[in-house]
Amino acid sequence: QVQLVESGGGLVQAGDSLRLSCAASGFTFAAYRVAWFRQGPGKERTFVATISQGGGSTYHIGSVRGRFTISRDNAKNTVYLQMNSLKPEDTAAYYCAAAKDVFRATGSQQYSCWGQGTQVTVSS
């Protein structure tokens, strides 16, 4: 039973911080690349950040680079997204996803395992 469960979202003010978590179960977590995507109301799902299987390589989209940091703890089967200096335009449902045998994958179609999402709302 493959499962990804996101948590940590909420309502915050601009400039605040949040840490999202994604708990994995039912598969060999350390063998998968993981990523965070987000989807605002009425918008398409877009890539945010990704991290390699061992955590040694990361990539963040330009709009969040320097503010967000993806990380993972394979011993806990958990991926994190530390979100600092939040802006209203960061408001979205955030999803974690996992993929095997991919390199710096940024397209949602490349990921077959998805969580249910956690809502992040940033007020001005």
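In this text the structure is predicted, and so the values were computed from the model without any measurement. Residue positions are counted from 1 within each chain, in the order its sequence is given. Note on the predicted model: pLDDT of at least 70 is required for a residue's local features to be given, and 80 or more for side-chain atom pairs to be given and counted; whole-chain, interface and lining totals, by contrast, use all residues. Computation of side-chain values covers all heavy atoms of the structure but excludes hydrogens and water.

Chemist: Pulling in residues and values, what's your account of the overall build of the protein chain?
Modeler: Numbered from the N terminus, helices here are DSSP runs of H or I no shorter than four residues, and strands are runs of E no shorter than two. Along the backbone of the protein chain there are 0 helices and 11 strands. Going from the N terminus to the C terminus, the protein chain shows its helices and strands as β-β-β-β-β-β-β-β-β-β-β. Per-residue burial over the protein chain gives 43% buried out of 124 residues. For the protein chain, restricting intrachain contacts to residue pairs at least 6 apart in sequence, the fraction spanning at least 24 positions comes to 58%. All accessible-area figures derive from a Shrake-Rupley calculation using a 1.4 Å probe, and residue coverage is judged against the displayed protein chains alone. Per element, the accessible surface of the protein chain, about 6200 Å² overall, is 45% carbon and sulfur. Neither His nor the chain ends is counted toward charge; the positive residues are Lys and Arg and the negative residues Asp and Glu. We put the charge of a Lys on NZ, of an Arg on CZ, of an Asp on CG and of a Glu on CD. For the protein chain, the distance from the average site of its 12 positive side-chain charges to the average site of its 7 negative ones is 4 Å. Burial status follows relative accessibility: with a 1.4 Å probe on protein chains alone, a residue under 20% of its type maximum counts as buried, one over 50% as exposed, and anything between as partly exposed. Contacts were defined at the residue level, with two residues in contact if any of their heavy atoms lie within 4.5 Å.

Chemist: Which residues make up the pairing of strand 8 (residues 78-83), and what are the values?
Modeler: Summarising burial for strand 8: 5 of the 6 residues are buried, a large majority. For two strands to pair, DSSP has to find at least two bridges joining them. Here strand 3 (residues 18-25) pairs with strand 8 via 6 bridges, running antiparallel. Directly across from arginine 19, in strand 8, lies its bridge partner glutamine 82. Counted along the chain from strand 7 (residues 68-73) to the antiparallel partner strand 8, the turn is 4 residues long, and its residue asparagine 77 has a positive phi close to 50°.

Chemist: Before we move on, can you summarise the side chain of threonine 78 with the specific residues and values?
Modeler: Looking at where threonine 78 falls in the secondary structure, it is placed in strand 8. A polar contact of 2.8 Å, which involves the side chain of threonine 78, links it to the backbone oxygen of lysine 76. When residues no more than four places from it in sequence are discounted, the contact partners of threonine 78 are Ser21, Cys22, Ala23, Phe29, Arg72 and Asp73. Side-chain atoms alone can form a polar contact between residues adjacent in sequence; in general such a contact is a pair of N or O atoms within 3.5 Å, and within protein one must be able to donate a hydrogen while the other accepts it.

Chemist: Explain the pairing of strand 4 (residues 33-39) residue by residue, including any values.
Modeler: Within a regular strand, side chains alternate between the sheet's two faces. By the criterion of burial, strand 4 is predominantly enclosed, with 6 of the 7 residues buried. By the bridge criterion, 5 bridges tie strand 4 to strand 5 (residues 46-51) in an arrangement that is antiparallel. Note that in strand 5 the partner of alanine 35 across the bridge is threonine 50. Linking strand 4 to strand 5, which pair antiparallel, is a turn of 6 residues; within it glycine 42 sits at a positive phi near 75°.

Chemist: Give me the packing of aromatic side chains: which residues, what numbers.
Modeler: Aromatic rings from Phe, Tyr and Trp, taking only the six-membered ring of Trp, are treated as a pair when their centres fall within 6.5 Å; an angle between ring planes under 30 degrees marks them as stacked, one over 60 as edge-to-face, and anything in between as tilted. This structure, assessed with the given rule, holds 7 aromatic pairs. Measuring from ring centre to ring centre gives 4.9 Å for phenylalanine 27 and tyrosine 32, while their planes differ by 75°; the resulting arrangement is edge-to-face. The buried category is assigned to phenylalanine 27, whose relative accessible area is 14%. When the ring of phenylalanine 37 is compared with that of tyrosine 111, the centres are 5.4 Å apart and the planes differ by 75°; the resulting orientation is edge-to-face. Highlighted residues: phenylalanine 37 in strand 4 and tyrosine 111 in the loop between strand 9 (92-99) and strand 10 (113-114), separated in sequence by 74 residues. Whether a charge lies above a ring is judged from NZ of Lys or CZ of Arg, which has to be within 6 Å of the ring centre and within 35 degrees of the ring normal. Over the ring of tryptophan 114 we find arginine 45; its NZ or CZ atom is 4.8 Å from the centre of that ring. Over the ring of phenylalanine 29 we find arginine 72, and its NZ or CZ is 4.4 Å from the ring centre.

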